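Understanding the architecture of this molecule
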Amino acid sequence: MDLQTEVLIIGGGATGAGISRDLALRGIPSLLVEKDDFTSGASGRNQGLLHSGARYAVTDPEAARECITENRILRRIAPHCIEDTGGLFVSLPEDGHEYRANFIRACGVAGIDTEPLSAREALSMEPKLSPLMIGAVQVPDGAIDPFTLVVENARDAESRGARFLLHTEVTGLIREGLRISGARVKDRITGEEFTIAASQVINATGAWANEILSLAGLSIGIALSKGSMLITNTRLSERVINRCRPPASGDIIVPNDTVSILGTTSLRAEDLENHAVTPEEVSFLVDELSRMIPAIKGERFTRAYAGVRPLVQTAQAGDDREISRGFALIDHQSRDGLEGLITITGGKLITYRLMAEKTADFICARMGLHVPCLTHLQPLPGAGRGHTFQDRLLRLRHQIPAFRRELLCDCELVPREAVDAILREGKVRELQDILHRTRLAKGTCQGGFCVYRLLGVLNERRKEEGLGGSNRILKGFLEERWKGIRPVLWGTSLKEEELIESIYKGLFNLTPEEAATADGGHP
Ligand SMILES: Cc1cc2nc3c(=O)[nH]c(=O)nc-3n(C[C@H](O)[C@H](O)[C@H](O)COP(=O)(O)OP(=O)(O)OC[C@H]3O[C@@H](n4cnc5c(N)ncnc54)[C@H](O)[C@@H]3O)c2cc1C
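This is a predicted model, so every value here is computed, not measured.

**Considerations on the site of the ligand**
Looking at the ligand, there are 35 residues lining it, with Thr15, Glu34, Ala42, Ser43 and Leu49 nearest. Backbone polar atom of Ala42 to an oxygen atom of the ligand: 2.9 Å apart, as the coordinates give it. A total of 1000 Å² of accessible area belongs to the ligand in isolation, and the protein chains cover 97% of it. Mapped by element, the contributors of at least two residues to the shell around the ligand are helix 1 (14-25), strand 10 (168-176), strand 13 (222-232) and strand 18 (301-312). Grouping the constituent residues of the shell around the ligand by class yields 13 nonpolar, 16 polar and six charged. Here the shell around the ligand spans two domains, and each of domain 1 (3-42 + 147-221 + 325-367) and domain 2 (83-143 + 223-312) adds at least three residues to it.

This is the structure:
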């Protein structure tokens, strides 16, 4: 099977999915290939902060302005992916008043609204904050759900004619003289190899940008920075809590539905596929962030995970935190004399739409078309839908008849209906495809109680064979789960894990040796 398209997009993160929607809204045909599922890269491995831009106001004013503009646009076009929590920048005694004064001034210049608060006012809003705090500043930060955001961009694009090939990896670029005219790809599930011919190829692979460029003998200057995060069992604050100091590691707490996400670290990444969270990173995050919320020391953590940021190196920076969070759109014709290939990388989750707009503008100019961008005006299809825990509870009560109200995930209120609807679409090829499209296994038990129920559903609908069989699905899931839980196993987390382990051993009648093989070595 060899395919043809006008524009080939490589990478199914927020940027690739955003480009696909932007082009579809302008009537330009495209085909996106992603080696895993949507959100398998940084787009599914970030802190979920809807930046107001305040974090960058002092050190990177351009990134700050981009963030606040996109923050406002996303609230309009994707309100169902956003929780409008607001945010506080908290000053501890060692942070002093000087940075806070600069910060308020720089936010003003970038167009970010601020409201200075006394320590007493901030404590009355967020009682878990440290009583040692000397003051805070309120900003329009929020929380964003990257999974819904990316999948909805893709669904909307598809409904307008865009095509996707998931679990399909680009293994080579087709070169005709000084022109890239397509790519060689491999279906990672069936092993089938084929080519895709295209007039324009967009490299939207984020941290993998240089791996794609190396297929054409090119490279660009990007630093790969691994960031690790921890998820707590409860929601620690109503608002996003940031430290009021120059951006550093371990200074943000983002409320996410019923939990909070603590982050991040910043270490040079060596391996793009396996990024383990180290015990040192866990201790650092707990110690550093408990200075803002002391209760963190006694929290139960449900998971640790990490992602890799591609930071575009435009100037000499001593530390990765000093490299701009801005993005780069690189035309390899003008830079390297190679036609038909562009790279878009760097940036933030919340600037994905702007990155897509600039890329689509470039493609239009290349094609001699004058079609305006619509993504800042056209809401995503689910824009009217509520998304909070309460909304899900109400939907469950009122929209699903009682006799069909079977819950698969109690922590996140995922009804069987939601999974059935995804299976009906007929596109699921891996267990992760279901987990990326629902909140299943994202709650406090991390799939401990719901994944075997999901297996039951797959079995009833005779779907598990297509996904490699129940044992493979379960083993793959438990191995992934174990990677996330191992770094945070102490105290009550350890107790919960022992309970889950005994449930699995009992359910599947496993001996200790079989259990060790089934969960990737966990005794
Ligand atoms: C630790 C951390 C915390 C962050 N926190 C935030 C935050 O709170 N707020 C915010 O706005 N931003 C945040 N970011 C930044 C944000 O996550 C990224 O900027 C954004 O997700 C990048 O999206 P992308 O689509 O460009 O890249 P990715 O999401 O990485 O997508 C690239 C895709 O390309 C695919 N791919 C790679 N090679 C191939 C190939 N050969 N063939 C086919 N497909 C391929 C990959 O599988 C991947 O899915 C954070 C990033 C990190 C790492």
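This is not the end of the story, as more comes after the structure.
**Section: the pairing of strand 14 (residues 240-243)**
The alternating pattern of strand 14 places Val240 and Asn242 on one face and Ile241 and Arg243 on the opposite face, and all of these are buried. Strand direction decides the pairing type here: strand 5 (residues 87-91) and strand 14, joined by four bridges, are parallel. Note that in strand 14 the partner of Val90 across the bridge is Arg243. Sheet topology places strand 14 next to strand 15 (residues 252-256); two bridges connect them, and they run antiparallel. Along strand 15, the bridge assignment pairs Asn242 with Ile252.

**Structural notes on the sheet that holds strand 3 (residues 49-50)**
Strands in a sheet are paired, the pairing made by backbone hydrogen bonds, and the direction either parallel or antiparallel. Strand order across the open sheet formed by three strands is 3-8-4, with antiparallel pairing between neighbours. Taken across any chain shown, the strands that pair with only one partner, and hence form the sheet edges, are strand 3 and strand 4 (82-83). Note that strand 4 and strand 8 (residues 142-144) share two bridges and pair antiparallel. In the sheet register, Ile82 faces strand 8, and the bridge partner there is Ile144.

Scoring rules and cut-offs
Residues numbered from 1 in each chain as written. Predicted model: local features only at pLDDT ≥ 70, side-chain atom pairs only at ≥ 80, totals over all residues. Heavy atoms only, no water. Near = heavy atom within 4 Å. Polar contact = N/O pair within 3.5 Å; in protein donor to acceptor, adjacent residues only side chain to side chain. Areas by Shrake-Rupley, 256 points an atom, 1.4 Å probe, with all protein chains shown as cover. Helix = DSSP H or I, 4+ residues; strand = E, 2+ residues; numbered from the N terminus. Nonpolar A, V, L, I, M, F, W, Y, C, P; charged D, E, K, R; others polar. Domains from an automatic or database assignment. Buried < 20%, exposed > 50% of the residue type's maximum accessible area, 1.4 Å probe, protein only. Pairing = 2+ DSSP bridges.

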